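Examining the three-dimensional arrangement
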Amino acid sequence: MTTAYDKLLRELGDFTEHVGPDSPSAPDAFASYRGPGGRERFAREVLRLPGLLRWQLDGFAALESRQLLAIASANACGKSAWNFIVALYDAVVLQKVVLYASAGARQVKTSGSRELKKILSRARGVSGRIYNYGFVPDVGDGRIFFLSGDAISSLQGYHHTQGVTQLIDEGQSDEDGVIIEAGFANCAGGDSQLVIAGNPLQFIGAFHALFRRGDDHWWKRQISALDVIDDPEYARIPGLVKKSWVAMMAGQYGRESSVFGSRVLGNFPKTAVDAHFSEASIAAAFERWSDPQFIAREQNRRRTLGVDVAASEAGDECCCAVAHGNWIKEFITWREPDTMRTVGKVLAILGDLRVPMLRVAGPSYGDPLQYLGKPTLIIIDEIGVGKGAADRIKEKGFACQAFNASRRSDVGDPITGPRYQNLRAEAYDRLRTLMSRGLVAFPRDALLEEELLTCRSFTNSSGRLQIIEKSDWRAVIGRSPDRLDSLVMALCNSAVPTFGGDEVSARSGLLAGI
């Protein structure tokens, strides 16, 4: 065996007791349970469980052909019992090494052997030695180790001749994906499998990302308490979710709440607790985009183009948001690694949109583009490759303003100081205000919706509003929020009415005075 296996043996702790018949079973005693349907028959005939839920049977079937499984379960829906059945079957029947860990606290390590003993007390023919943190069957090389999450991380690359089964419970606690990454490393060879199970309580983290991504390598299942209650074998299985508890949760939090959705329906929250934009305001802005009255009011206002530039051929997109007042008419996206070619693309867009140049007297293309007597304004993010693009478009004679999101915001007062960490936070908050007051509309777009829903903000230690870092955001959605950045720039100079009605804020736009 390997050094890693010697380390595992130390994880077992002290021997506590022997369970099952004193005479060990024959080496091939459980061979008949190998193959299709074996886990169900083992659970019913050997472990003598009172019943099995439909989702548990589906999971058993998935293990026969899939290497990666992810389960997001509402409360008390049989997830832990399923994990123990899989652990015992794989260790006793398949003689695999089972690493059973919790991504969060140490509850699996501290209580695993106790729960296993309860199951084995009614089992037929299974014998072995129970340790503080594991189980060793009397026959074969199978083992069950109950580990803490950090122990899984330290065993990256561990392999076994019969394969390794990794059961990671409380998967929602693996926010940075370290444990999942270690699990992948352990699946590199043999018949190894990785099962991540948890409760869908958080909008962020590696566990949520598993279910959001369309990855065909994973078998995924979200389990609702309502489906469990409707299961034909529900009444036979003790300890499952109660109808009275579902009613209590509905009364306490409401059926439309994220708490009810996560803990009862098995759904991930649609927005984070610290979401910057509300789900209702996002939906309303999408709906408002096709409102004829809103369009008629906005389409003759000044036009602004917000351009987010990225130098990439396969990664982040360049995006141009075309705004008529506060009505975002469209998003134009492309990928281009060469900055000057991106400038050419932007100039082509300006030509297609018939944008006039500043140095030409009157509209250069004979159309009424100078809304309210002002030319179309182009706003480009100047951080990184965008600066060169902004400078070149200015040289061409267009009304172009560079936007530096990291610059200091001067909104605040002498006593409390600045209200925002930077112009980026101020621009994002301006968009939130426009959305909450029903003053903005944009076309329905799946990527934009994802960016709006995943945008998070917080008040930092200096008392200033701050938007999450791009690196943290990218970890959630797997890319940069290009559409939202271009949208924010297109509207950053939009006046925000005060609650008094016709007046506008003292600062008519973020670009005023910059």
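Reading the values: the criteria
Residues numbered from 1 in each chain as written. Predicted model: local features only at pLDDT ≥ 70, side-chain atom pairs only at ≥ 80, totals over all residues. Heavy atoms only, no water. Helix = DSSP H or I, 4+ residues; strand = E, 2+ residues; numbered from the N terminus. Buried < 20%, exposed > 50% of the residue type's maximum accessible area, 1.4 Å probe, protein only. Contact = heavy atoms within 4.5 Å. Areas by Shrake-Rupley, 256 points an atom, 1.4 Å probe, with all protein chains shown as cover. Pairing = 2+ DSSP bridges. Axes fitted to C-alpha atoms, helices over the stretch in contact; angles between N-to-C directions. pLDDT = per-residue confidence, 0-100. Parallel < 35°, antiparallel > 145°, perpendicular 65-115°, else oblique. Left-handed = near helix turned anticlockwise from the far one by under 90°. Nonpolar A, V, L, I, M, F, W, Y, C, P; charged D, E, K, R; others polar.

Turning to the overall build of the protein, a few remarks are in order. The helix and strand tally for the protein stands at 19 helices and 18 strands. The burial tally for the protein puts 53% of its 514 residues in the buried class. Expressed as a percentage of contacts within the protein between residues at least 6 apart in sequence, the contacts between residues at least 24 apart total 69%. When the accessible surface of the protein is totalled, it reaches about 22,800 Å², and 49% of it is carbon and sulfur.

Bringing the sheet that holds strand β9 (residues 218-223) into the picture now. Taken in spatial order, the nine strands of this open sheet run β1-β4-β5-β6-β3-β7-β8-β2-β9, and their pairing is mixed. Strand pairing shows two members of the sheet lacking a second neighbour, β1 (15-19) and β9, which therefore form its edges. Shown here is a sheet whose adjacent strand axes are inclined to one another by a mean of 15°, direction ignored. Across six bridges, the pairing between strand β3 (residues 97-102) and strand β6 (residues 143-148) is parallel.

When the pLDDT values of the protein are averaged, the result is 84; 85% of them are 70 or greater. Between residues 360-373, whose pLDDT stays under 50, and residues either more than four places distant or in other chains, the model counts 25 contacts. Below pLDDT 50 for its whole length, residues 497-509 participates in 25 contacts with residues either more than four positions away or in separate chains.

Turning our eyes to something else, we now look at the packing of helix α14 (residues 339-352) against helix α15 (residues 386-395). The contact between α14 and α15 brings their axes to 9 Å, and the two run at 45°. One element, α14, and the other, α15, form an angle in the oblique class. Of the two possible hands of crossing, α14 and α15 adopt the one that is right-handed. Seen from α14, the contacting residues are Thr339, Met340, Val343, Val346, Leu347 and Leu350; seen from α15, they are Gly388, Ala389, Arg392 and Ile393. Among the residues making up the contact of α14 with α15, the classes are represented as seven nonpolar, two polar and one charged.

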